[in-house]
Amino acid sequence: MPEKNYRSELVGLFGYPVDENPTVITMEAGFKSLGLDYRYCTMEVKPENLKTAVAALKALGFKGTHLTVPHKVSVIPFLDHISEEAGLIGAVNTVYIKDGETFGVNTDGKGFIQSLEEDKILIEGKRITILGAGGAARAVAVELALKKASRITIINRSRERGKELAEHISSITKAVSEFVLWESAVDTSLNGCPIPADTDILVQTTSVGLYPDPACPNIDYSTVRPPMLVCDIVPNPPETLFIRKARANGCRTLTGLPMLVNQAGISFKFWTGLDAPVEAMREATMREFGV
Ligand code: NDP
């Protein structure tokens, strides 16, 4: 009789709040598809417990964990190593454990780049405009700049965060980066902020439009015109109002779903050593979102 093994490999997600995060669906579809006995645990970790929770990963023999709001930056001092990109981004969204040590990486920006590459979009030399300057914007902006985008314009509601990100990009890469204050995001009675006419790729990284918010960012949509490629990283709903407006103007669009699946696929490889079954993960995620 073959020896039985009742022990599953453990990975998961730390967040607070975390109840509505659907990543478990994406990851477990991947494990099931390859017949791997892995469990993805969605765990509510309060900020004051993060250090203990990271130590518990080692004690419990976890392969690693994802991190979401509010832990992506605050986890860094508790890790043994972080990758160069995660250091440049200043945030970690995936931890893997090797030889008893924790390694922090950031797969958000790489997942976005991969979704552009799947659509055969060249990044080198492109002029990029990014709405937002939060954690996801940092990951996307740093990875685009490392892929030799020529200009990165950051449009953000709060001056401090936006200016800091633009200065950071200019200081660590050759990309020219500039900041534009998004006054119409604060005072919605103002005309929407215009998008620079020579933008090649417009990326919406704010949380506006994330389920259950049906809104779209307050920009001047008459300035969103072909041949701009228009991307929204909000994954749920996959077809945001922002995406629908850009498409109605005739622009080519990219939703947040491929990025979500790709960044999960990169984590999958760190934890299992195997290439992720991305199609199975995509299908399960779309089914969960009802598309
Ligand atoms: P953060 O909280 O770090 O940043 C939020 C950003 O949105 C800030 O720039 C904030 O501006 C801006 N913002 C919020 N409300 C408004 C508003 N009303 N008008 C204009 N700007 C606004 O969040 P994250 O960066 O972690 O996440 C942002 C989005 O990206 C979420 O929707 C998340 O789901 C999505 N995401 C998608 C991923 C994917 O795989 N597809 C991966 C990671 C994130 P300010 O600085 O002024 O506060």
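Higher on the page you've got the structure.
In this convention, every chain numbers its residues from 1, walking through the sequence in written order. For a predicted model such as this one, the threshold for reporting local features is a pLDDT of at least 70, and the threshold for listing and counting side-chain atom pairs is 80 or more; totals across whole chains, interfaces and linings nevertheless cover every residue. Remark: hydrogens and water are excluded; side-chain values derive from all non-hydrogen atoms of the structure.

(A) Focus on the overall build of the protein. Only DSSP runs of H or I with at least four residues qualify as helices, and only runs of E with at least two residues qualify as strands; both kinds are numbered from the N terminus onward. When helices and strands are counted, the protein shows 10 helices and 12 strands. Its C-alpha radius of gyration of 19 Å places the protein within 12% of the 19 Å reference for a compact globule of 291 residues. In terms of principal-axis extent, the alpha carbons of the protein reach across some 70 × 40 × 35 Å. Note on definitions: a residue-residue contact is assigned when non-hydrogen atoms from the two residues lie within 4.5 Å. In the protein, the share of contacts with a sequence separation of at least 24, taken over all contacts with a separation of at least 6, comes to 69%. In the structure as shown, the protein presents an accessible area of about 14,100 Å², 53% of it carried by carbon and sulfur atoms. Taken together, the 31 basic and 35 acidic charged side chains of the protein have centroids lying 2 Å from each other. This radius of gyration counts C-alpha atoms alone. The globule rule is 2.2 Å times how many residues there are, raised to the power 0.38. For the accessible areas, the method is Shrake-Rupley and the probe is 1.4 Å, while residue cover comes only from the protein chains on display. His is not counted here, nor are the chain ends, while Lys and Arg score as positive and Asp and Glu score as negative. For the purpose of locating charges, the reference atoms are NZ of Lys, CZ of Arg, CG of Asp and CD of Glu.

(B) The arrangement of the packing of helix 9 (residues 257–272) against helix 10 (residues 278–288) in detail. Here helix 9 crosses helix 10 at 135°, and the two axes come no closer than 10 Å. Judged on the interaxial angle alone, helix 10 and helix 9 are oblique. Handedness of the helix 9/helix 10 crossing: right-handed. Together, Leu 257, Pro 258, Leu 260, Val 261, Asn 262, Ala 264, Gly 265 and Phe 268 of helix 9 and Val 278, Met 281, Arg 282, Thr 285 and Met 286 of helix 10 make up the contact between the two elements. Axes, fitted as lines to C-alpha atoms, cover a helix only where it is in contact. Angles between the N-to-C directions of the axes lie from 0 to 180 degrees. Small angles under 35 degrees read as roughly parallel and large ones over 145 as roughly antiparallel, with 65 to 115 read as roughly perpendicular and the rest as oblique. Take the far helix as the reference: if the near one is turned anticlockwise from it by less than a right angle, the crossing is left-handed, and if turned clockwise, right-handed.

(C) Structural context of helix 2 (residues 50–59). Considered for burial, the residues of helix 2 that qualify are Leu 50, Ala 53, Val 54 and Leu 57. All buried residues of helix 2 fall inside an arc of 100° around its axis, so they share one side. Residues of helix 2 that are exposed and point more than 90 degrees away from the buried face comprise Lys 51, Thr 52 and Ala 59. On its buried side, helix 2 packs onto strand 1 (9–15), strand 3 (64–67), strand 5 (94–98) and strand 6 (101–105). Looking one or two residues beyond helix 2, the residue adopting positive phi is Gly 61, at roughly 75°. Using a 1.4 Å probe on the protein chains alone, a residue whose accessible area is under 20% of its type maximum counts as buried, one over 50% counts as exposed, and one in between counts as partly exposed. Directions pointing from the helix axis toward each C-beta atom define the arc.

(D) Representation of helix 10 within the structure. Taken residue by residue, helix 10 has Met 281, Arg 282, Ala 284 and Thr 285 as its buried positions. An end-on view of helix 10 places all buried positions within 165° of arc, on one side of the element. Close packing links the buried residues of helix 10 with helix 1 (23–33) and helix 9. Once helix 10 ends, the next one or two residues include Gly 290, with phi positive near 75°.

(E) Local environment of the pattern of salt bridges. Whenever Lys or Arg places a side-chain nitrogen within 4 Å of a carboxyl oxygen from Asp or Glu, that contact is recorded as a salt bridge. Tallying each qualifying case throughout the model produces 14 salt bridges. Glu 117 is the partner of Lys 147 in a salt bridge, and the nearest nitrogen-oxygen pair spans 3.5 Å. Highlighted residues: Lys 147 in the loop between helix 5 (135–146) and strand 8 (151–156) and Glu 117 in helix 4 (residues 108–118), separated in sequence by 30 residues. According to the relative accessible area criterion, Lys 147 is partly exposed, its value standing at 40%. Looking at Glu 117, the relative accessible area reads 39%, which means it is partly exposed. Note that Lys 163 and Glu 167 form a salt bridge whose closest N and O atoms lie 3.2 Å from each other.

(F) Structural detail: the side chain of Thr 26. Its location among the elements puts Thr 26 in helix 1. Beyond its immediate chain neighbours, meaning those up to four positions away, Thr 26 contacts Ala 264, Met 281 and Thr 285.

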